[in-house]
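# Descriptive analysis of the structure
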Amino acid sequence: MKKLKIKCADFNAVVISRPSFDDTALISFLESQGLDWVRSGGTEAEEIVEVSGRVCYLSFGKNRQSPRDNKSYIANLISKGHESVLEHVNWTVLLSGVSRGFTHQLVRHRVGFAYSQLSQQYHDESDALFVVPPSIKKNKELFTEWADDIYRSLSTYRKIINTVEKSQLTDKESLRELRTAARSALPNATESKIIITVNARALRHFFEVRGCLEGDWEMRQVACKLFEMVCCDAPSLFYDFKKVEMLDGSFKLVKR
């Protein structure tokens, strides 16, 4: 195989913010109300959910709390559809090595999500990376042809950047206009970076509608990675999902 003229991206995801619980503040509040809290396990994220549910009824203390432990308490909330308390738990994740095609799909999820994405109007994409679909990567002949097409697009981008005359706008807006014109030559496979902040309730919906899409490998890849990451902090909030292997060795999420 001839040497590729483009660089392919590797997917990565890192949690840069996760739920934290100041239990001393809660205990101080409960004491002011003449209440106490019988704790029954759970991570910080899981205790935030339990406390949020209990505040609705002030069901704290031996005489007011149900006998359920934290895990059972949360499972009962989810089984009855009382998931609003899950919105108090949020994660912020930085995704890289994802395609612009993927992010166009991702940002359609609005409720419970916040986004900050690399801008092609301000970032020079002359040395852009590209995301290769697995079905293309495993076919050497097709992969070579795909890579050649990607390179032609990137070459056009570079040509626009280097040859289009400067407009009469300010320097900042002239550069914006130039890169806006140039990015029109780039394909959906262009790699991007995006930060997402999402709450547990929105994640559960995302896992259910996106994690199971067998024909959308990139959505499944991201959903499965997010599932692994948030389950480290709050397994009880996602107890009814599991990751299963598909025939091609990739994974999807399914409800138990």
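None of the values given here were measured: they were computed from a predicted structure.

What counts and what doesn't
- Residues numbered from 1 in each chain as written.
- Predicted model: local features only at pLDDT ≥ 70, side-chain atom pairs only at ≥ 80, totals over all residues.
- Heavy atoms only, no water.
- Helix = DSSP H or I, 4+ residues; strand = E, 2+ residues; numbered from the N terminus.
- Rg over C-alpha atoms; globule rule 2.2 N^0.38 Å.
- Buried < 20%, exposed > 50% of the residue type's maximum accessible area, 1.4 Å probe, protein only.
- Contact = heavy atoms within 4.5 Å.
- Areas by Shrake-Rupley, 256 points an atom, 1.4 Å probe, with all protein chains shown as cover.
- Lys, Arg positive; Asp, Glu negative; His and termini not counted.
- Charge placed at Lys NZ, Arg CZ, Asp CG, Glu CD.
- Pairing = 2+ DSSP bridges.
- Axes fitted to C-alpha atoms, helices over the stretch in contact; angles between N-to-C directions.
- Core = buried A, V, L, I, M, F, W, Y, C linked by side-chain atoms within 4.5 Å.
- Salt bridge = Lys/Arg side-chain N within 4 Å of Asp/Glu carboxyl O.
- Polar contact = N/O pair within 3.5 Å; in protein donor to acceptor, adjacent residues only side chain to side chain.
- Phe/Tyr/Trp six-rings, centres within 6.5 Å; stacked < 30°, edge-to-face > 60°.
- Lys NZ or Arg CZ within 6 Å of the ring centre and 35° of its normal.

### Some words on the overall build of the chain
Along its length, the chain carries nine helices and eight strands. For the chain, the C-alpha radius of gyration of 24 Å lies well beyond 18 Å, the compact-globule estimate for 256 residues. A principal-axis box enclosing the C-alpha atoms of the chain has dimensions of 75 × 50 × 25 Å. Within the chain, the proportion of its 256 residues that are buried is 43%. The contacts of the chain with a sequence gap of at least 6 include a subset with a gap of at least 24, amounting to 73%. About 14,200 Å² of surface is accessible on the chain, with carbon and sulfur atoms providing 50% of the total. Charged side chains of the chain number 37 positive and 33 negative; the gap between the two group centres comes to 3 Å.

### Concerning the sheet that holds strand β3 (residues 90–99)
Read across the open sheet, the four strands follow the order β2-β3-β6-β4; overall the sheet is antiparallel. Each edge of the open sheet carries a strand with a single partner, namely β2 (12–17) and β4 (113–117). Neighbour-to-neighbour, the strand axes of the sheet open up by a mean angle of 25°, direction not taken into account. Two elements, β3 and strand β6 (residues 191–199), share nine bridges in a ladder whose sense is antiparallel. Paired with Val 93 across the strands is Ile 196, a residue of β6. Those strands touched by helix α8 (residues 200–210) are β3, β4 and β6, and its axis lies near 125° from that of β6. Packed onto the sheet, helix α9 (residues 217–233) meets β2, β3 and β6 and runs at close to 150° relative to β3.

### A word on the nonpolar core
Ranked by size, the top nonpolar core spans 47 residues in total, and within it Trp 91, Leu 95, Leu 106, Phe 207, Leu 237 and Phe 238 carry the most contacts. A per-element tally of this core places α9 first, with eight residues. Formed by 17 residues, the second largest nonpolar core is a distinct cluster that contains Phe 143, Ile 160, Ala 182 and Ala 189.

### Let's talk about the pattern of salt bridges
Enumeration according to the criterion identifies 14 salt bridges in this entry. For the salt bridge of Lys 243 with Glu 228, the shortest nitrogen-to-oxygen distance reads 2.3 Å. Taken together, the residues Lys 243 in strand β7 (residues 241–245) and Glu 228 in helix α9 connect sequence positions 15 residues apart. Given the relative accessible area of 30%, Lys 243 is considered partly exposed.

### Points about the side chain of Arg 54
By the secondary structure assignment, Arg 54 is in helix α2 (residues 44–55). A relative accessible area of 1% means that Arg 54 is categorised as buried. For Arg 54, the side chain forms a polar contact with the side chain of Glu 50, separated by 2.8 Å. Not counting the four nearest positions on each side in its chain, Arg 54 is found in contact with Trp 37, Ser 59, Phe 60, Gln 65, Ser 66, Arg 68 and Tyr 73.

### A closer look at the packing of aromatic side chains
Per the counting criterion, the structure on display carries nine aromatic pairs. Residues Phe 113 and Tyr 115 carry aromatic rings whose centres are separated by 5.8 Å and whose planes lie at 15° to one another, so their mutual orientation is stacked. The class of Phe 113 is buried, set by a relative accessible area of 9%. Between Phe 207 and Phe 227, the ring centres sit 5.8 Å apart and the planes meet at 85°, which makes this aromatic pair edge-to-face. Here the residue Phe 207 occupies a position in helix α8, and Phe 227 occupies one in helix α9, the gap between them amounting to 20 residues. Phe 207 gets classed as buried once you look at its relative accessible area, which sits at 0%. In this structure, Lys 243 is placed above the aromatic ring of Phe 251, and the distance from its NZ or CZ to the ring centre is 4.6 Å. Positioned above the aromatic ring of Phe 241, the side-chain terminus of Lys 255 is 5.2 Å from the ring centre.

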